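Inside the fold
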Amino acid sequence: MVARFNITESGVSDGQPILFAHGFGCDQNMWRLVAPAFADRYRVLLFDHVGSGASTAPYDPERYGTLDGYVQDVLDICQELDLTDVVFVGHSVSSMIGALAAIAAPGRFAKLVFVGPSPRYIDDEGYRGGFAEADISELLDSLEANYLGWSSAMAPVIMGNADRPELGEELTTSFCATDPAIARRFAEVTFRSDNRDDLSKVVVPTLVLQCSSDAIAPVEVGEYVTRTMPDARMVLLDATGHCPHLSAPGPTIEAIDAFLRA
Amino acid sequence: MPDPDGDDDAEELYQRAPCGYLSTSPDGRIIRVNDTFLGWTGYGRDELVGRRHFSELLSAGGRIYHETHYLPTLQMQGAAREIALEIVCEDGDRLPVLVNSVLERDDAGSPRVIRTAVFSATARREYEQELLRERQRAEQSEAKARLVAQTLQKTFIPPAPPKIPGLDIGAAFRPAGGGDEIGGDFYDIFELSEGDWIVAIGDVCGKGVEAAVITALARHTIRAAAVRERRLTTVLEVLNESLLVHGAERHLTVALVRLIRAGPRWDLSICLAGHPHGLIRRSDGTVTRAGHPGSLLGLFPDTLLDEVGLDLDPGDALVLYTDGVTEGRSGRAFYGEERLVSLLAGGAPTAPHLADAVVEDVVRYQEEDTADDVAIVVIGFQ
């Protein structure tokens, strides 16, 4: 289990567990500016979803044909490591994975933190997710176009940075390593899922962390999530982009910390 | 500052470089852009600088990719390169580009500026798409070929061993590798008349379509010949002749067993043609060889074959297998008869359990990467 999902652990071994789940397109490295801040009080756990980072879990298209397979993975991890009173921090699609896990096993989770959540990316009647169906097809094409680069055996082009040789070296240890075939399927599952009806079933106290300018999950979507969940509050971060844990780690830590102490 | 050669300077090199240049703040707001980029995209400098984020110039699909993969990679790694994106030009046209970016930090380590070089990739994208289509075509052909191979392979073995009163029959088969190439192992169990059964197991040399044709020929020739001929040696001689007539240039090995019910017991005989010995597992766990070695088939008109009787008691089992079992390799070592014998000695509750246990063990020994087909038939006497 530990190897399958590349689970890494730090912090207080008998402390309350805080489990960080990365979103689509990246891996647990995303949390490297945020997770260490909780190591003084919590048992900090990170993992890679199937097909991402250093996960060795076998990809079963049927299991992962909906978010349920990913949800089951989270529950399996909690059970295997015997985690209780869990603080679950999910970025992007992992917010919905956390929501579904908390519906399935509410007793296991103490608090949820959603970073840039969206229950549905595609616009619908009376709902604005920010994307049209055609946009998602375009994303899949865009992944295909990059598929070629990812899977080719071509040596990466070393850029002419004689004064910064580490730029060249880092090519071999690529962050956000992703299996392209799985990434495409994960993208489909992520961006075509609709979990709006699930939100009202989450009874675990939840913090929604929303960036003020986010092209993937706009503010109104964050507000929708907060409004629809029975026990949620939103903190609006003055940050651009979909990854405040990378672009604004300080305020992200502060907001999570305040929520956990409350 | 003028270039030492006097005909180029840094500003002109920047503005009119053969690639687009963009500088953005760490959150993506455009702070500088060169003439080449503006020329390609049709935007005016005033429309972009200070007003637009780089990601806003991308197609919606590319924007998601940018936000979820490209930007995080850049923020963590300091550089991201050869990312394929599409820029939406001022007139709405799409410009396929390849993008390289570096993130510069200040002395304190905080992100200061993102520098991006944009390469027009229209022709390259068409070429890539052609490659992608070819790859998809190849994957489809492969899938089709695999399906043909698997369908054909299924005809080499009965769908399930028959139920024969007084006998406990188990059989297991595992095609080489991923099963996308047709191997030449086969087995068959069929009834000639009431209480008169033939069990055949064989291995055609080689793999592929040609081997498959011979495998099918062998299985059906054995069936046809066994109906006419009483003696196992004659059945195999007929098979040898039909192989030579066919001009197959592929040899094969066969073990043939005849079982005739005689009251509560069975009269048993075995004939080997270039095939590994059968193994008899007695009820006390001892294992002995069964059958006399004989010629390979499909090579020469004359054969040297010997049919010998076997005497099995209730609780005993006769095991027939192909060389994919004993010649299963792990590095330079072979699985070998000894390992098989000790596994058989351990026994199993039923014949199917024993057959499955052998195949599982052989596959595990080869770390799932089986180089040859593996076939085994176990006949338990009750």
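This structure is a prediction, so every number in the text was calculated from the model and none was measured.

All right, on to the overall build of chain A then. Broken down by element type, chain A carries 8 helices and 7 strands. In chain A, buried positions account for 54% of the 262 residues. Entry remark: accessible area of chain A is about 10,500 Å², with carbon and sulfur atoms responsible for 50%.

All names here are of chain B. Considering the arrangement of structural elements, one finds Arg281 in strand β11 (residues 278–281). Asp284 is the oppositely charged side chain nearest to the buried, salt-bridge-free Arg281, at an N-O distance of 6.7 Å. Among the polar contacts made by the side chain of Arg281, one reaches the main-chain carbonyl oxygen of Leu344 at a distance of 2.5 Å. Of the polar contacts made by the side chain of Arg281, one reaches the backbone oxygen of Ala345; its length is 2.9 Å. Apart from the residues lying within four places of it in its own chain, the contact partners of Arg281 are Thr286, Val287, Gly315, Asp316, Ala317, Leu344, Ala345, Gly346 and Gly347.

This brings us to the domain arrangement of chain B. Under the domain assignment used here, chain B contains domain 1 (10–120) and domain 2 (155–381). Spacing between the C-alpha centres of domain 1 of chain B and domain 2 of chain B amounts to 67 Å.

What follows is about the pattern of salt bridges. Counted according to the given criterion, the structure contains 36 salt bridges over all chains. A salt bridge links A:Arg41 to A:Asp40, with the nearest nitrogen and oxygen atoms 3.5 Å apart. Relative accessible area serves as the criterion here: at 55%, A:Asp40 is assigned to the exposed category. A salt bridge links A:Glu138 to B:Arg94, with the shortest nitrogen-to-oxygen separation between them at 2.7 Å. Linking A:Glu138 in helix α3 (residues 133–151) with B:Arg94 in strand β4 (residues 94–105), this pair reaches from one chain into another. Overall, A:Glu138 belongs to the buried group, its relative accessible area being 18%. A relative accessible area of 41% places B:Arg94 in the partly exposed class.

Take the pairing of strand β6 (residues 167–174) of chain B next. Consecutive side chains of a regular strand alternate in pointing toward one face of the sheet and then the other. Residues and elements named next belong to chain B. Of all 8 residues in β6, 7 are buried; the element is thus mostly enclosed. In this sheet, strand β17 (residues 374–381) lies alongside β6 in antiparallel orientation, the contact comprising 8 bridges. Residue pairing across strands places Phe173 opposite Ala375, the latter belonging to β17.

To continue, consider the sheet that holds β17(B). Residues and elements named next belong to chain B. Strands sit in the order β6-β17-β14-β11-β12 across an open sheet of 5 strands; the sheet is antiparallel. Unpaired on one side and paired on the other, β6 and β12 (287–290) mark the two borders of the sheet. Along the sheet, successive strands turn relative to each other by an average axial angle of 20°, direction set aside. Alignment of strand β14 (residues 317–321) against β17, held across 5 bridges, turns out to be antiparallel. Among the inter-strand pairings, Leu318 is bridged to a residue of β17, identified as Ile379. Against the sheet, helix α9 (residues 336–346) touches β11, β12 and β14, its axis set at about 30° to β11. Packing against the sheet, helix α10 (residues 351–365) makes contact with β6 and β17, and its axis sits at approximately 20° to β6.

About the cut-offs
- Residues numbered from 1 in each chain as written.
- Chains lettered and ligands numbered in written order.
- Predicted model: local features only at pLDDT ≥ 70, side-chain atom pairs only at ≥ 80, totals over all residues.
- Heavy atoms only, no water.
- Helix = DSSP H or I, 4+ residues; strand = E, 2+ residues; numbered from the N terminus.
- Buried < 20%, exposed > 50% of the residue type's maximum accessible area, 1.4 Å probe, protein only.
- Areas by Shrake-Rupley, 256 points an atom, 1.4 Å probe, with all protein chains shown as cover.
- Lys, Arg positive; Asp, Glu negative; His and termini not counted.
- Salt bridge = Lys/Arg side-chain N within 4 Å of Asp/Glu carboxyl O.
- Polar contact = N/O pair within 3.5 Å; in protein donor to acceptor, adjacent residues only side chain to side chain.
- Contact = heavy atoms within 4.5 Å.
- Domains from an automatic or database assignment.
- Pairing = 2+ DSSP bridges.
- Axes fitted to C-alpha atoms, helices over the stretch in contact; angles between N-to-C directions.

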